[in-house]
Amino acid sequence: MADAPNGRSLVVDAVTHRYPSGALAVENINLDVKGGEIIALLGPSGCGKTTLLRIIAGFIAQTQGRIIIGDDIVDALPPNKRAVGIVFQNYALFPHLSISENVAYGLAARGIDKAARQREAQRLLELVQLPTMAERLPRQLSGGQQQRVALARALAIKPSILLLDEPFAALDKNLRLDMQIEVKRLQRVSGITTLIVTHDQEEALSMADRVAVLSHGKLEQFGSPSDVYDRPQTLFVNTFVGSTNRMPGVVVSADRTAAKVRLDAGAEIIARPVGGALSEGGRVTVCIRPEHLQFVGDETGFAGVVGMSLPLGATVVHEVTTADGSGVKVSQARIGETRALENGAAVRLAPLAPSLANAFPATL
Amino acid sequence: MGAAPASRDVTSYGMGLAAPLALFFLLFFVAPLLQLLWLSLHNDTAGLHWGLGQYLHFLTDPFSLGVLGSTLLLGAEVTAVCLVLGFPIAWLYQRVGPKLQTIIILIVLLPLLTSVVVRTFAWIVILGRQGIINATLQSLGVIDTPLKLLYTQFGVVIALAQVQMPLMTLPLITALGRIDPNFDDASCSLGAGSWRTFFRIVLPLSLPGVIAGCTLTYAAAITAFITQSLIGGGQMLFMPMYLYQQASTLQNWPFASAISIIFLLAVLAVVSVFTTLGRMSRGYGGA
């Protein structure tokens with residue numbers, strides 16, 4: 001083989017999949033993943049991310065489109081010929097085989113002799129820091145240990161692509177962080193192109209080089225974590241990734257880079273138009289994140305009444321009711337002088353900067 | 001249905017509730033069994049002289065030992081046929097949609113909904129000299145003279161396998177249903193083909209079901225008096241009919257009792273081998 005087994009590229013080329021019932025599972029997905037990248041497929045349950053993972057692994061034959069790994073179109077290959085490693089959500093360790101046999105399973109399937117596969121299994125168990133567990137059965141291990149074994153088992157076949165299906169969902173919070181660091185370390189060491197399927201945005205943003213956000217089978221945005229968080233291309237991405245205030249309004253005037261919007265809550269603000277040109281008089285939804293709203297002393301912003309203040313450690317979140325009766329959240333960094341706002345206090349709010357308010361054409 | 005070792009008071013409640021059934025068994029199962037044992041330990045039909053003569057007679061008589069041997073062999077053959085035919089059905093059941101599942105379960109259960117006598121007579125119609133199989137083969141010109149299917153070991157095995165099939169299929173369906181479908185995918189993604197996946201993953205994990213199914217099928221097949229007698233006819237003699245002849249026709253109750261006890265012990269031996277295997281494979285059960 002010309003190219004190294006590690007770090008191969010993955011291209012998902014216009015993949016569409018239709019269930020036998022006719023419903024669309026994923027529609028025209030295009031992803032171009034460079035060798036050695038970590039990609040997160042992020043979306044709520046039912047968005048098609050698991051279907052896409054199963055298509056890449058070869059368990060589902062897509063209706064249209066191609067999957068290209070390295071230089072090879074793999075659509076005709078069954079899963080056992082694709083050399084795609086998978087870590088399942090419940091790990092799927094074979095309960096009747098020892099840890100060592102589990103790790104060596106893929107090597108046995110490749111006809112590697114027993115002594116060599118035991119050596120390799122031991123090497124991998126050392127890599128995932130479980131060198132003494134070789135003779136145990138999966139059920140004698142904790143959840144985190146089982147996941148390490150599942151990783152070792154997937155890595156044993158020297159996969160060209162590593163797929164992780166909701167890998168941290170079953171772990172408690174502290175262990176989850178440890179395992180995320182561990183997976184990232186292993187991925188760096190091995191340089192394997194990795195795809196993580198997750199519904200957890202923090203996980204996606206912290207683990208991945210790039211994040212693909214999916215909704216209802218469509219790719220909403222594919223970009224770096226900061227792109228997805230700071231420059232969302234759709235209303236869905238803006239609301240699904242991070243928290244946001246959705247404020248309806250009417251376009252007063254607009255060009256390609258800025259739109260003046262009259263919010264229903266009162267006040268005119270400048271927002272960044274996203275997703276096509278906005279027409280004057282058209283209704284829009286303006287998204288402003290809680291940390292991008294500030295209290296202002298003059299008459300520039302919109303008025304509101306403080307309902308509740310929640311001190312969340314490093315930040316304080318204020319729940320403010322605006323003139324049109326909708327609620328917005330404002331997050332303030334907690335610095336020395338930050339005084340608690342009293343319940344019922346009248347305040348005025350404005351976005352920190354025009355680029356931090358996104359205006360999307362209203363869909364409804 | 002393993003008895004869970006619960007706390008002491010829970011166990012005693014359980015015992016109390018089991019008392020009526022225990023009494024029933026004591027009166028109508030254990031007592032007759034002891035009477036059977038008592039009878040078998042007599043050398044004469046009148047039951048006056050104690051001794052092990054009946055057992056000695058059976059164990060030194062090549063004809064009797066032959067009947068025992070062919071009965072145990074029959075059970076093994078029926079079990080093997082049921083396993084080979086039943087496993088694919090159970091496997092299929094776990095991989096089709098709910099509509100087909102209903103149809104499969106109906107087909108599997110259908111034999112249980114008709115009387116054994118009716119099913120056995122149906123087999124006579126199918127296997128007979130002018131039966132469906134012979135008539136079809138003759139009309140197609142495959143054979144000139146009818147094949148002898150009825151009153152053969154082959155006929156008995158086939159008919160018994162059909163009659164006992166649900167006892168094999170149902171435990172298998174349950175066992176296969178307990179296997180995480182991800183194991184299939186995991187095995188496949190690691191590079192294993194379907195046969196490796198089957199022999200290394202699916203079969204070992206379904207062993208508890210295989211053993212339960214084999215135990216039930218075996219025990220039912222060797223004691224199936226009606227099917228054995230009607231399909232086997234006069235030429236084929238198995239333990240239940242042998243026993244019946246000695247007891248009812250020849251009125252040799254002590255010998256019939258000895259046959260029962262020996263048969264019972266033989267069945268228990270085979271079943272305990274299965275159970276031991278089952279216990280060894282139980283480690284595979286939980287995930």
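All of these numbers come straight from a predicted model, not from anything done at the bench.

Concerning the overall build of chain B
Scanning chain B from N- to C-terminus turns up twelve helices and zero strands. Each helix and strand of chain B, placed in order from N terminus to C terminus, yields the pattern α-α-α-α-α-α-α-α-α-α-α-α. Taken along its principal axes, the extent of the C-alpha atoms in chain B is 70 × 70 × 35 Å. Taking all 287 residues of chain B together, 31% fall into the buried category. In chain B, the share of contacts with a sequence separation of at least 24, taken over all contacts with a separation of at least 6, comes to 75%.

Considering the interface of chain B and chain A
Interface size, as often reported, equals the accessible area lost upon joining of the parts. Listed by partner, the interface residues are 19 residues for chain B and 20 residues for chain A. Elements with a contribution of two residues or more to the side of chain B that touches chain A: helix H8 (181-189) and helix H9 (194-222) of chain B. The element contributing the most residues to the side of chain B that touches chain A is H8(B), with six residues. By residue class, the composition of the side of chain B that touches chain A is ten nonpolar, six polar and three charged.

A closer look at the confidence of the model for chain B
Residues and elements named next belong to chain B. Of all residues in chain B, 93% attain a pLDDT of 70 or more, and the chain-wide mean is 87. Element-level mean pLDDT values for chain B span from 83 in helix H1 (residues 8-40) up to 94 in helix H3 (residues 62-93). With pLDDT under 50 throughout, residues 1-7 is counted as low confidence; its partners more than four residues away or in other chains account for one contact. Scored by ipTM, the complex comes to 0.81, with pTM at 0.80.

Details of unusual backbone geometry
Residues and elements named next belong to chain A. Its identity is not glycine, yet Asn-28 carries a phi of approximately 45°, on the positive side. In this structure, Asn-28 sits in strand S2 (residues 24-33). By C-beta crowding, Asn-28 is classed as partly exposed, having 14 other C-beta atoms within 10 Å. Its identity is not glycine, yet Lys-158 carries a phi of approximately 45°, on the positive side.

Considerations on the sheet that holds strand S13 (residues 268-273) of chain A
All names here are of chain A. Spatially, S11-S12-S13-S20-S14 is the arrangement adopted by the five strands of the closed barrel, whose pairing is mixed. With direction set aside, neighbouring strand axes in the sheet form an average angle of 50°. Note that strand S11 (residues 245-254) and strand S12 (residues 259-263) share five bridges and pair antiparallel. Bridging from a neighbouring strand, Val-250 pairs with Arg-262 of S12.

Some points on the pairing of strand S18 (residues 327-333) of chain A
Residues and elements named next belong to chain A. Strand direction decides the pairing type here: strand S17 (residues 315-322) and S18, joined by seven bridges, are antiparallel. Directly across from Thr-321, in S18, lies its bridge partner Gly-327. Where S17 folds back on S18, the antiparallel hairpin that results is connected by four residues, among which Gly-325 adopts a positive phi of roughly 90°.

Parameters at a glance
- Residues numbered from 1 in each chain as written.
- Chains lettered and ligands numbered in written order.
- Predicted model: local features only at pLDDT ≥ 70, side-chain atom pairs only at ≥ 80, totals over all residues.
- Helix = DSSP H or I, 4+ residues; strand = E, 2+ residues; numbered from the N terminus.
- Buried ≥ 20, exposed ≤ 12 C-beta atoms within 10 Å, placed from the backbone.
- Contact = placed C-beta atoms within 7 Å.
- Nonpolar A, V, L, I, M, F, W, Y, C, P; charged D, E, K, R; others polar.
- pLDDT = per-residue confidence, 0-100.
- Pairing = 2+ DSSP bridges.
- Axes fitted to C-alpha atoms, helices over the stretch in contact; angles between N-to-C directions.

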